[in-house]
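Okay, here's what each chain looks like letter by letter:
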Amino acid sequence: MQFAVYAVKREVTEKYYYKVDLLKRFFEECHNFSNSPIYMNQLDYITTHFSFYDWLKKIHGNHRDLEERLFDCEINYDILDGKNCCCLFQCDSLWQAERVLFQPLRMCDQTFFIIEESGEHYGWISPLISQRLLS
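So, how was this worked out
Residues numbered from 1 in each chain as written. Predicted model: local features only at pLDDT ≥ 70, side-chain atom pairs only at ≥ 80, totals over all residues. Heavy atoms only, no water. Axes fitted to C-alpha atoms, helices over the stretch in contact; angles between N-to-C directions. Helix = DSSP H or I, 4+ residues; strand = E, 2+ residues; numbered from the N terminus. Parallel < 35°, antiparallel > 145°, perpendicular 65-115°, else oblique. Left-handed = near helix turned anticlockwise from the far one by under 90°. Contact = heavy atoms within 4.5 Å. Nonpolar A, V, L, I, M, F, W, Y, C, P; charged D, E, K, R; others polar. Phe/Tyr/Trp six-rings, centres within 6.5 Å; stacked < 30°, edge-to-face > 60°. Lys NZ or Arg CZ within 6 Å of the ring centre and 35° of its normal.

A. Structural view of the packing of helix α2 (residues 20-32) against helix α3 (residues 37-46). Between α2 and α3, whose axes approach to 10 Å, the crossing angle comes to 130 degrees. One element, α2, and the other, α3, form an angle in the oblique class. The element α2 and its partner α3 pack so that their crossing is left-handed. Contact with α2, carried on its side by Leu23, Phe26, Phe27, Glu29 and Cys30, involves Tyr39, Met40, Gln42, Leu43 and Ile46 of α3 and no other residues of that element. In terms of residue class, the contact of α2 with α3 is built from 8 nonpolar, 1 polar and 1 charged.

B. Just the packing of aromatic side chains, in detail. By the definition in use, this model includes 10 aromatic pairs. Each ring, one from Tyr17 and one from Trp124, has its centre 5.8 Å from the other, and the planes form 20 degrees; the classification is stacked. In this pair, Tyr17 is assigned in the loop between α1 (10-16) and α2 and Trp124 in strand β5 (residues 122-125), connecting sequence segments 107 residues apart. Through pairs of rings, three or more aromatic residues link up here, namely Tyr6, Tyr17, Tyr18, Phe26, Phe27, Phe33, Tyr39, Phe113 and Trp124. In this arrangement the basic side chain of Lys9 is found over the ring face of Tyr45, its NZ or CZ atom lying 5.4 Å from the centre.

Now the structure itself:
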């Protein structure tokens, strides 16, 4: 399973929280037309900088070999592509994604929009306990 994780600005979250299908289509089009300056400008406007690598270092401790641990077969999940506002996360199951990605993301004060590569699972991960991944 692969999930694209986007760090979304708070004001966008407030306006589009109940429009998950619209945001899903937008992020999929951004992925499909990644060379389009119009889509990239819109993506820059609604997303915010979030250092996924630094966040992982904080969660897993300050290990010097964090990059090796991320790609270790024992952990069995990878961050495939890191950018300032999004990353591609790979794991074996939805349960594993919940344990190693979704639950820790809920501890952040940042709001995230997540889309599974197949499009089956998508929705918000936010710091509020009542807001969960929608499918």
